[in-house]
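Structure at a glance
Read off the chains here:
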Amino acid sequence: MNEFTITLAPELVRLKRKKTEPMEYNMSSPKLYKNFINGEWVESSSGNTSENRNPANTDEVLGIFQKSNADDVAAAIDAATEAYKKWRLVPAPKRGEILYKVAQRMLDQKEPFSQQMTQEMGKVIKETRGDTQEAIDMTFYMAGEGRRLFGMTTPSEMENKFNMTVRQPLGVCSFITPWNFPMAIPSWKMMPALICGNTVVIKPATDTPLSVANLIQACHDEGIPPGVVNMVTGSGSALGAPIIKNPNVRVVSFTGSTEVGRKVSEACATDFKHCCLEMGGKNVQIVMDDAKLELAVDGALWGAFGTTGQRCTATSRIACHKDVVEKFTSMIVERARKLKVGNGLDESVEMGPAISQAQLDTVLGYIDIGKKDGAKLLTGGERLTGGDYDKGFFLQPTVFGEVTQSMRIWKEEIFGPVLGIAVCGSLDEAIAMANDTPYGLSASIFTQDVNNAYTAMRDVYTGIFYVNAPTIGAETHLPFGGTKETGNGHREAATACLDVFSEWKSIYVDFSGSLQRAQIDNQ
Ligand code: NAD
């Protein structure tokens with residue numbers, strides 16, 4: 001029997017799960033984590049490692065991770081290439097049955113996974129539970145897709161001829177992922193790729209390899225065969241080219257900044273690889289004069305300061321109607337001042353730290369730019385210091401008023417807890433302001449007028465739009481992605497993501513026994 005007995009062994013194709021012990025979550029001494037290649041945890045041939053520290057308490061080392069090199073990437077791609085030969089032939093419903101078990105294991109381990117995620121990247125525990133849940137949802141969803149993966153049957157224009165379409169996998173898929181949704185985003189890529197019959201090599205963000213290691217371990221524990229999923233940790237600049245340019249890689253799925261995404265796109269273009277890019281955002285919340293202001297303030301606070309503003313869909317701009325801007329601004333400033341900032345493992349904390357010193361410096365830099373450009377700093381604007389704050393990268397929730405469209409803080413992605421409020425005089429003006437950005441990920445409107453809502457839904461050019469809800473809050477069964485410099489036309493999640501990880505094959509079966517020429521013989 002080889003490792004692909006899942007295609008044959010009935011005990012592995014039913015939902016009987018192995019009774020293995022949960023993984024060890026003792027973080028008192030840092031554990032050495034390895035790459036995962038061909039079903040085994042292995043050290044990098046570079047011999048180099050790096051520490052993964054808690055951004056809320058940099059004294060805490062969560063693990064030591066491999067600083068991999070091009071040889072490690074090549075080994076992972078070789079394993080994935082070999083595994084593809086058999087995985088592609090495993091019936092999709094059987095692949096789905098394994099994914100059901102992976103999802104169930106993740107559900108069993110939701111709390112430790114989420115706690116480790118908070119320690120690893122700082123967002124508060126309620127939100128990391130949401131991140132883990134999103135990965136669970138995606139895994140269950142794609143498991144079910146194993147019994148769908150619908151194609152099309154359609155009549156032929158000829159007699160005695162049958163036409164249909166099927167999805168075919170492509171081969172090895174490479175993933176490059178960011179740190180802000182360290183389990184959800186990898187699962188958005190991995191689960192659809194696997195259900196379609198592809199194999200996977202993932203390079204997690206350097207700040208969040210632990211959450212991906214947990215995801216990989218869950219796959220391994222529940223019987224995903226060796227070589228089907230592989231993980232190589234290390235820096236993007238060192239591993240980017242080897243993981244993208246390898247000729248056996250047919251799909252590259254990247255989530256991260258527009259700057260790096262552009263390089264990924266260029267590297268894929270010459271080899272005609274499928275390339276799915278999910279990149280930056282500069283998301284606006286419109287507040288009309290008839291909005292329920294309490295609700296609009298709740299939405300803006302959650303959208304702007306959730307995940308410390310480090311979401312691609314974070315609310316970083318408000319276009320507020322002139323008749324309510326004074327009231328709205330004073331309400332939001334009052335609430336922002338009261339937000340409890342601290343270590344996200346404390347259930348009462350509402351906002352965690354920035355991911356790193358570099359990110360903190362970027363955000364403080366934008367706060368300076370905002371002040372210099374003439375925006376009015378209404379609250380926040382400083383790094384938090386003293387006591388436990390000194391051990392982490394904590395910032396005050398920051399609100400600017402009197403922001404105008406010419407300012408950089410209106411146009412550029414900040415990726416931190418900074419909200420800019422600008423004034424609009426009408427819906428048309430608000431829509432023009434919303435569209436005044438190179439990005440096109442998410443937007444929202446707060447209004448009680450159905451005409452306003454539908455007009456904005458139609459005319460704001462983004463991939464995601466909310467009515468009377470913040471700019472964040474995507475669900476896994478709707479397409480996720482953005483227009484303009486946020487994406488390159490693909491979508492993650494929903495069934496839309498299957499188009500990234502499969503290619504259509506149109507099949508014509510002629511059972512007439514004679515040559516029939518389309519467009520010619522039936523005229
Ligand atoms: P980043 O672009 O710095 O890094 C993303 C990934 O790319 C990391 O794994 C990194 O190691 C790798 N990388 C870096 N340089 C590379 C190179 N030269 N070649 C190949 N890979 C390289 O982004 P980040 O700081 O991790 O994440 C924040 C950005 O991600 C923000 O712009 C945010 O809007 C965006 N984001 C977008 C979405 C979306 O779905 N649209 C979701 C989350 C985050």
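As a reminder, the structure under discussion sits directly above these lines.
Residues numbered from 1 in each chain as written. Predicted model: local features only at pLDDT ≥ 70, side-chain atom pairs only at ≥ 80, totals over all residues. Heavy atoms only, no water.

1. Here's the deal with the environment of Ser265
Here is the rule we go by: A run of DSSP states H or I qualifies as a helix once it reaches four residues; a run of E qualifies as a strand once it reaches two. Both are numbered from the N-terminal end. Exposed residues in this analysis have more than 50% of their type's maximum accessible area, buried residues have under 20%, and partly exposed residues fall in between, with area computed by a 1.4 Å probe over protein chains only. Contacts are residue-level and defined by heavy atoms, with any inter-residue pair within 4.5 Å sufficient.
Tracing the sequence through the fold places Ser265 in helix 9 (residues 258-269). Residue classification places Ser265 among the partly exposed residues on the basis of a relative accessible area of 28%. Note: C-alpha distance between Ser265 and Phe254 (eleven residues apart in sequence) is 9.1 Å. Those residues in contact with Ser265 that lie beyond four places of it in its chain are Cys275 and Leu277.

2. Considerations on the packing of aromatic side chains
Here is the rule: We call Phe, Tyr and Trp rings a pair once their centres come within 6.5 Å, taking the six-membered ring for Trp, and we label the pair stacked below 30 degrees between planes, edge-to-face above 60, and tilted otherwise.
What the rule picks out here adds up to seven aromatic pairs. Ring geometry for Tyr100 versus Phe140: centroids 6.1 Å apart, planes at 45°, classification tilted. Within this pair, whereas Tyr100 is found in helix 3 (residues 92-108), its partner Phe140 is found in helix 5 (residues 125-145), the two being separated by 40 residues in sequence. Overall, the relative accessible area of 31% leaves Tyr100 in the partly exposed class. What makes Phe140 partly exposed here is its relative accessible area of 28%.

3. Looking at the nonpolar core
Put simply, the rule reads: We define a nonpolar core as any set of buried Ala, Val, Leu, Ile, Met, Phe, Trp, Tyr and Cys residues linked to one another through side-chain atoms lying within 4.5 Å. Boundaries of every domain are those given by an automatic assignment or by a domain database.
Counting residues in hydrophobic clusters, the biggest one holds 66 residues, and the most contacted among them are Met106, Met142, Met190, Met191, Leu194, Ile224 and Val229. Sorting elements by how many residues they give to this core places helix 6 (residues 184-195) first, with eight residues. Each of domain 1 (68-279 + 487-505) and domain 2 (283-467) gives at least three residues to this core. Discounting chain neighbours no more than four positions away, the residues touching Met191 are Leu99, Val102, Met138, Thr139, Met142, Leu215 and Cys219. Membership of the second largest hydrophobic core comes to 30 residues, among which are Tyr366, Phe400, Cys424 and Val460.

4. Some points on unusual backbone geometry
Trans is the common state for peptide bonds, and a negative phi is the common state for residues other than glycine. Phi angles above zero are rare outside glycine, and Glu402 is one such case at about 55°. Tracing the sequence through the fold places Glu402 in the loop between strand 16 (398-401) and helix 13 (408-411). Even without being glycine, Asn468 reaches a positive phi, approximately 55°. Structurally, Asn468 is set in the loop between strand 20 (464-467) and strand 21 (483-484). Relative accessible area serves as the criterion here: at 26%, Asn468 is assigned to the partly exposed category.

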